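So you can see what is in the structure, the chains are spelled out below.
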Amino acid sequence: MGNVFVLDHPLIQHKITYIRKTETGTKDFRELVDEVSGLMAYEITRDLPLTEVEVETPVAKTKTKVLSGKKIGIVPILRAGLGMVDGVLRHIPTAKVGHVGLYRDPKTLMPVEYYFKMPKDISERELIVVDPMLATGGSAADAIQSLKKRDAKKIKLMCLIAAPEGVDHIQKEHPDVDIYLAGIDEKLDEKGYIVPGLGDAGDRLFGTK
Ligand code: PRP
Ligand code: URA
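Residues numbered from 1 in each chain as written. Chains lettered and ligands numbered in written order. Predicted model: local features only at pLDDT ≥ 70, side-chain atom pairs only at ≥ 80, totals over all residues. Heavy atoms only, no water.

A. View of the overall build of the protein. Secondary structure summary: the protein contains six helices and 15 strands in total. What you see for the protein is a C-alpha radius of gyration of 18 Å, in line with the 17 Å of a compact globule of 209 residues. If you line up the protein on its principal axes, its C-alpha atoms span 65 × 40 × 30 Å. In the protein, of all internal contacts separated by at least 6 residues, the share reaching a separation of at least 24 is 62%. Here the protein carries 30 positive and 31 negative side-chain charges, and the mean point of each set is 4 Å from the other. (Helix = DSSP H or I, 4+ residues; strand = E, 2+ residues; numbered from the N terminus. Rg over C-alpha atoms; globule rule 2.2 N^0.38 Å. Contact = heavy atoms within 4.5 Å. Lys, Arg positive; Asp, Glu negative; His and termini not counted. Charge placed at Lys NZ, Arg CZ, Asp CG, Glu CD.)

B. Quick peek at the site of ligand 1. As a structural note, the neighbourhood of ligand 1 is formed by 14 residues, with Arg104, Asp131, Thr136, Gly137 and Ser139 the closest of them. Here Arg104 contributes a side-chain N or O atom positioned 2.7 Å from an oxygen atom of ligand 1. A distance of 2.6 Å is found between an oxygen atom of ligand 1 and a side-chain nitrogen or oxygen belonging to Ser139. The protein chains hide 90% of the 500 Å² of surface that ligand 1 would expose on its own. A class-by-class count of the residues in the shell around ligand 1 yields six nonpolar, five polar and three charged. (Near = heavy atom within 4 Å. Polar contact = N/O pair within 3.5 Å; in protein donor to acceptor, adjacent residues only side chain to side chain. Areas by Shrake-Rupley, 256 points an atom, 1.4 Å probe, with all protein chains shown as cover. Nonpolar A, V, L, I, M, F, W, Y, C, P; charged D, E, K, R; others polar.)

C. Layout of helix α5 (residues 164–173). Of all the residues in α5, the buried ones are Gly166, Val167, Ile170 and Gln171. Buried residues along α5 cover an arc of 130° about the axis, so they all sit on one side. (Buried < 20%, exposed > 50% of the residue type's maximum accessible area, 1.4 Å probe, protein only. Arc of directions from axis to C-beta.)

D. Structural detail: the site of ligand 2. Lining the immediate surroundings of ligand 2 are Arg104, Met133, Ala135, Gly192, Tyr193, Ile194, Gly199, Asp200 and Ala201. Taking Ile194, its main chain carries an N or O atom lying 2.8 Å from an oxygen atom of ligand 2. Across the complex, the protein chains shield 88% of the 240 Å² of accessible surface that ligand 2 would expose by itself. Among the residues making up the shell around ligand 2, the classes are represented as five nonpolar, two polar and two charged.

E. View of the sheet that holds strand β11 (residues 161–162). Pairing is parallel across the open sheet formed by three strands, whose spatial order is β9-β11-β13. On the outer flanks of this sheet lie β9 (133–134) and β13 (183–184), each paired with one strand and no other. (Pairing = 2+ DSSP bridges.)

F. Quick peek at helix α1 (residues 10–20). Those residues of α1 that sit buried are Ile12, Lys15, Ile16 and Ile19. Looking straight down α1, one finds that the buried residues subtend no more than 110° of arc, so they occupy a single side.

G. Structural context of the pattern of salt bridges. Scanning the model with the defined rule gives 16 salt bridges in all. The shortest N-O distance in the salt bridge between Glu35 and Lys15 comes to 2.6 Å. You can see Glu35 sitting in helix α2 (residues 26–44) and its partner Lys15 sitting in helix α1, a full 20 residues away along the chain. With relative accessibility at 32%, the residue Glu35 sits in the partly exposed group. Here Lys209 and Asp203 are joined by a salt bridge, their closest N and O atoms 3.7 Å apart. (Salt bridge = Lys/Arg side-chain N within 4 Å of Asp/Glu carboxyl O.)

H. Molecular detail of a nonpolar patch on the surface. A cluster of nonpolar side chains, contributed by Val4, Val6 and Ile184, occupies part of the molecular surface with about 200 Å² of accessible area. The residue Val6 is located in strand β1 (residues 4–6) in this model. Since its relative accessible area comes to 40%, Val6 is described here as partly exposed. (Patch = residues over 30% accessible without salt bridge, like charges linked within 9 Å, V, L, I, M, F, W, Y side chains within 5 Å.)

What follows is the structure in structure tokens.
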């Protein structure tokens, strides 16, 4: 079973409060999603391997550490996942970015894939799938399945807010995937929205609706 990490850092929790508020407009919403994603990037990269190197400071030679060159891929689920890419890239600027286009059919709540474009070497990369919302979990589960079909080996999922149903879905279908969240909410409503959640992440990010 994959691990579930809820990142309770005060800066993350503070910004999530403003992201939730109805009166937060598109500009601030977008900036806050970007900032929280950057903060979450610290935690999601905590287990990256380091290697020892020797450097010379102005004072003496010393042994110190650098990242051991593990390749990273960031995979936003369109549209709303796009809002999380720059925050992560700020800390991992050499990461490549692949895109999965999925929307939820409003009647069935089933995900429909309309776009898939990845870096060539995804099997050699650790992939971080990003999407602000993990509701039923259908979209993230499908995106992960599509990546595995193309031979992706190591995948993590990073979302802002999840419903318990979404977490269960990923743990059942993809027990090898660790999930990183800023919060787990109460439930889903009859339209598949997370309660209390933050509303429609894509609409709030891009000012549609
Ligand atoms: C939202 C969200 C997730 C999905 C979550 O996208 O960004 O991708 O719903 O729901 P699920 O866990 O029940 O699948 P949406 O389908 O609204 O598309 P959009 O980002 O293009 O607005
Ligand atoms: N998608 C969203 O954007 N918000 C939700 O609450 C559920 C799915």
